[in-house]
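A look at the structure
Residues per chain are reported as follows:
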Amino acid sequence: MLNNLTDTEEGDGGAQSQGDSIPKESSPFINSSDAAAEKSQQYDGKNMALFEEEMDTSPMVSSLLSSLANYSNLPQGSKEHEEAENNEAESSRKKPVKAPQLGTLMGVYLPCIQNIFGVILFLRMTWLVGIGGVVGTFVIVTMCCTTTMLTAISMSAIATNGVVPAGGSYYMISRSLGPEFGGAVGICFYLGTTFAGAMYILGAIELLLIYIAPQAAIFPLEGLEGPEAEAALLNNMRVYGTILLTSMATVVFVGVKYVNKLALVFLACVILSILAVYAGVIKTGIDAPDFPVCLLGNRTLVWKTFDVCSKTVETANGTVTTQLWSMFCDSPFLNATCDKYFTANNVTRIQGIPGVASGILSENLFGTYYEKGDLIARTNMDSVEDQDDPLTNANRYVLADIASFFTLLVGIYFPSVTGIMAGSNRSGDLRDAQKSIPVGTIAAITTTSLVYMSSVILFGACIDGVVLRDKFGEGVHGNLVIGTLAWPSPWVIVIGSFFSTCGAGLQSLTGAPRLMQAIAKDGIVPALRIFGHAKANGEPTWSLLLTACICEIGILIASLDLVAPILSMFFLMCYMFVNLACALQTLLRTPNWRPRFKFYHWALSFLGMSLCLTLMFLCSWYYAIVAMVIAGSIYKYIEFAGAEKEWGDGIRGLSLSAARYALMRLEEGPPHTKNWRPQLLTLVSTDAEQNVEQPRLLSLTNQLKAGKGLTIVGTALVGTFLENYEQSQRAEQALRKLMETEKVKGFCQVTVSSNLRDATSHLIQASGLGGLKHNAVLVSWPRNWRQGDEHQTWRNFVELVRETTAADLALLVPKNVAAFPSNGERFTEGHIDVWWIVHDGGMLMLLPFLLRQHKVWRKCKMRIFTVAQLDDNSIQMKKDLTTFLYHLRIDAMVEVVEMHDSDISAYTYEKTLVMEQRSQMLKQIKMTKTEREREIQSITDSSRGSIRRKNPAAVTTQLSVSEEPPAGSEEEKPEEESKSASSPVSPPDQVQLIHDSTTPASPATPATPLTPAEGVQSPGTQVQMTWTEKCDGEPAKPPGAATPEGIKDLFNMKPNQSNVRRMHTALRLNEVIIKKSSEAKLVLLNMPGPPKNRTGDENYMEFLEVLTDGLNRVLLVRGGGREVITIYS
């Protein structure tokens, strides 16, 4: 028996029965399929039977520890770690898995070194020092390295807070800040990595065409000057860059394993090149190399087409002119006509690398910035020149190819410190990721930062300023400037940097498609799902194609200096959000935030985030804005069109903290009148299938709110919570679905209680939280309230009116709510009429204004009617009301309706009498089963005929009341429990009063009993009372009394004068409203309060019915006891 029970429970409550559909964070021990198969055996026959009923959700500790010990954090490619399906996990467990073996050195440190050192160090570092000066460049390097160090600290904290599968920074950000931030930053990181590939390829082509094989240029540069030479160079870069990109993409497509095998070779090239530079620096202190620079005056000459740095040479035959002379003069003879500047200035030959002990550092401390086309001149040398003379032979001098300024240098340099994510991207391959990632990453950043900082100082101390500012080495025979410093040969740097840039480009083309595949397989960006497809071996073919296309855009730009700031933007944005994620998690102190890396602080993360933002705008403010717009657009796209993900991100925690703070502020006091708006609690009813019966009520809610303020949609169910939990969940889902359809932004709440009255009361009392509570209740008018099976409905309604009044809540009651417009309808004309009878705090003024903000009512005009009594000055009232509306800034037409005292009509008496007769019957209808059986015979004999009396009223009123009799009890049950909301009981006792007449109105007369024959002869003026029999065949008791004499007394009663006056008011107002507002699209009027004596509740309903009779759309309004509108600013 026990085995059968456990098997059944296991089948019903396995891994699929989570209680909701929200994806949970996967773990090695919750809902494991293997563990589930063994649970019965684990509990059966042991002294743990006390816990056997919880075995589906609470595994034994032994199985938990076993699962933990066998848990592997191997990467699952781009498949999400926590969303792997059980069947795939089960099949994967059957395959032998090799444990990760990489340690800190090979897994984190060296990959980071390889990714951080790159093309900027070899191609632009000397130029940066020359332009920015040692001090300026050192500031840039320090700022950028500090940013990456702070980011690495934040990343280490996130990476050690649990297992980080493959996905690197995208995984960390998306799981910390949510799918919207994760998707936006992930795509930005992808774009940064892709443009980095373009930058590396452009660097490799620059090395090839300028330093290795200039003769390979398809568009020759010889003989071209200025823009033509620049255009030819860019076209060469585009052609060769496209060829190299195609070759690299093909290599990656064919086999990425070859790229990984060559990674160490490329890394060795980088390290050897850097060591060669340091060796060359040491050698300059011992023996400076001979790299002369030729200066004409203080201008640097392009040393390509001449051999001797001199105007003339003394030979045995005399003085002979040189090739340099021929460049500036029209003939090789001494009497030739030469360039004025050439004639006025001497030619000087200086050492380009004077050495580390030369003291040149003092000259290079501060920067020299140039405009495009400026001459690269030595600052501490004089020259003779006429400022009025135009520059001639410009192609003979070294010129600045771009305009330079501090922020440009920041943008160009920053890519050389990126690549710090290389270790975290390999987290799945590490033996101990939580130890290796922080140590390896921080050590790599420390190493590279020291190299960069020392390089800035050493370059400034060893190389002359004109050589440093010579970007392409034109003044040193076309050599790579950093190569001139290297030992034993410049070719060590040239070849080493070429292979290292090619390797870095391959790494970018390998990593970027996998990042895109991970984003696509997450499903958070629907438009990118196609890029989640891969070849049979898992290679992301479509993502590689997309990456190559984006990379080609960077190559078509063709300038390393223009591409570098673009990728700087994307990397800086990624690093900024890594810091933000760490700071948020730290400040929110979420229970799951327990990083093993302890050397972090929220202040460091905020400093890193601020530095990233500062660097973005320093690099290029317009690129920064474009990058933010791209990220913001992706964020909003994911928010509106992306898949719903629940990753336990920090933004939800931030929202919770912000909500708590705001709620505490709201508790400080009620809102000012200027800030008051209806915070609605909309009460709806549901049918047996839990579908909402009044969907137009939510349309009206949307039109009143327009997405602003608080909206709570509530419904009540009858029963016990335990038995009706699933029913309440279905009702809640139905409410959510309808709210989404009607575009109502808010919350839904379902309350289950033993009766509807209590459930509704609980909703009114308990809805909301703290200061975020409703101040108005919207409930529809109880339709068919006169019907016998609806008597409890109107009783609940009247009690609801009393409760809202007691709680100082406003009440809005739409009558004929089915006739109200849907959100898709538009009124092109018409009026919203306000009947302002009594002051309610301004609710009647505010509601039409709010409605007219919605497109449904926007073109309707507002009219305000108020009622003047006999003693009122209607002209002054209209003037005052017009002034009041002017101060309220509300446009409306004003009309004062005069209602003088008039005699109470016979019709009013008749209506009141019928109402009171019905009320009396309702009071006397309750009799116990025993009393009814005692009177069965007398009722049957005395009540077969019709009771007729003369009635002059020209109306027809049909009233019916039903009530469930006590079942099997001699005591009367409370009325609230007599009716179930979900399955109403058919009425066993029915009383029907039919009052019909076509005669003219005359004063009412007491009713007179008539014989059946008389009743038949006068069918037009009859009052008929009928009742049905119970389903078991027992006749029911008569409505009104237990004897025929009681019936006679019922029809001999006279109406109460107070009720007559109220009925008179309702009829008179109704006549005036019908006359003035019969064509209005909506009528708003004050809702009278219920009687203090509960015996008149049914009369109250009749008054309201008469008041609104004949109107299509009515909104009855009761104020909440406070002013809601003000004339003050």
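What comes next is a walk through the structure. Since we're looking at a predicted model, the values are computed, not measured.

For the rest of this paragraph, the subject is the pairing of strand S8 (residues 747–753). The element S8 is extensively covered by neighbouring structure, given that five of its seven residues are classed as buried. Handedness of the crossover is the feature at issue here: the chain leaves strand S7 (residues 711–718), passes through helix H26 (residues 725–741), returns alongside S8, and the resulting connection is right-handed.

Right, let's talk about the packing of aromatic side chains for a bit. Here the structure, examined in full by the defined rule, presents 24 aromatic pairs. Taking 5.8 Å as the distance between ring centres and 80° as the angle between the ring planes, the aromatic pair formed by Trp 325 and Phe 342 counts as edge-to-face. In this pair, Trp 325 sits in helix H12 (residues 323–328) while Phe 342 sits in helix H13 (residues 340–344), placing the two residues 17 residues apart along the sequence. Relative to Phe 606, the ring of Trp 602 lies with its centre 5.9 Å away and its plane at 85°, an arrangement referred to as edge-to-face. Here Trp 602 pairs with Phe 606, and both are found in helix H22 (residues 602–619), just four residues apart, close to one helical turn.

The next subject is the state of the cysteines. Scanning the model with the defined rule gives two disulfides in all. Each sulfur of the disulfide joining Cys 294 and Cys 309 lies 2.0 Å from the other. Around the S-S axis, the bridge from Cys 294 to Cys 309 shows a dihedral of about 85° and counts as right-handed. Of the two residues, Cys 294 sits in strand S1 (residues 292–296) while Cys 309 sits in the loop between strand S2 (299–300) and strand S3 (312–315), which places them 15 residues apart along the sequence.

Moving on to the pairing of strand S17 (residues 1082–1086). The element S17 is extensively covered by neighbouring structure, given that five of its five residues are classed as buried. Bridge analysis of strand S11 (residues 831–836) against S17 gives four bridges, and the strand direction is parallel. If you follow Ile 832 over to S17, its bridge partner there is Leu 1082. Pairing geometry for S17 and strand S18 (residues 1114–1118), over four bridges, is parallel. Note on S18: the bridge partner recorded for Val 1083 is Val 1114.

A separate point is a nonpolar patch on the surface. Nonpolar side chains collect at one region of the surface, where Leu 613, Phe 617, Trp 621, Tyr 622, Ile 625, Met 628 and Val 629 lie side by side and expose about 660 Å² of accessible area between them. Contributions of two or more residues to the nonpolar patch are made by H22 and helix H23 (621–641). Looking at the nonpolar patch, the element that brings in the most residues is H23, giving five residues. Inspection of the secondary structure assignment puts Phe 617 in helix H22. On the basis of relative accessibility, which here comes to 36%, the residue Phe 617 falls in the partly exposed class.

Right, let's get into the side chain of Arg 469. Its place among the elements puts Arg 469 in the loop between helix H17 (465–468) and helix H18 (481–485). An unpaired buried charge is present at Arg 469: no salt bridge exists, and Asp 464, the closest side chain of opposite charge, is 5.8 Å distant. Those residues within four positions of Arg 469 in sequence are excluded, and the remaining contacts are Trp 127, Gly 130, Ile 131, Thr 368, Tyr 370, Ile 376, Ala 377 and Thr 379.

What follows concerns the sheet that holds strand S5 (residues 347–351). The three strands lie next to each other as S2-S1-S5, forming an open sheet whose pairing is antiparallel. The open sheet has two edge strands with one neighbour each: S2 and S5. Two strands pair when backbone bridges link them, and S1 and S2 are joined in this way by two bridges, in the antiparallel orientation. Among the inter-strand pairings, Leu 295 is bridged to a residue of S2, identified as Thr 300.

A separate point is unusual backbone geometry. Trp 487 connects to Pro 488 through a cis peptide bond whose omega is 15°. Tracing the sequence through the fold places Pro 488 in the loop between H18 and helix H19 (490–522). Here Gln 690, not a glycine, exhibits a phi torsion of approximately 65°, which is positive. Within the fold, Gln 690 resides in the loop between strand S6 (680–683) and helix H25 (695–705). Even without being glycine, Asp 808 reaches a positive phi, approximately 55°. Relative to the helices and strands, Asp 808 is located in the loop between helix H28 (791–806) and strand S10 (810–815).

Procedures and definitions
Residues numbered from 1 in each chain as written. Predicted model: local features only at pLDDT ≥ 70, side-chain atom pairs only at ≥ 80, totals over all residues. Heavy atoms only, no water. Buried < 20%, exposed > 50% of the residue type's maximum accessible area, 1.4 Å probe, protein only. Helix = DSSP H or I, 4+ residues; strand = E, 2+ residues; numbered from the N terminus. Right-handed = clockwise from strand over helix to strand, strands pointing away. Phe/Tyr/Trp six-rings, centres within 6.5 Å; stacked < 30°, edge-to-face > 60°. Disulfide = S-S within 2.5 Å. Pairing = 2+ DSSP bridges. Patch = residues over 30% accessible without salt bridge, like charges linked within 9 Å, V, L, I, M, F, W, Y side chains within 5 Å. Areas by Shrake-Rupley, 256 points an atom, 1.4 Å probe, with all protein chains shown as cover. Salt bridge = Lys/Arg side-chain N within 4 Å of Asp/Glu carboxyl O. Lys, Arg positive; Asp, Glu negative; His and termini not counted. Contact = heavy atoms within 4.5 Å.

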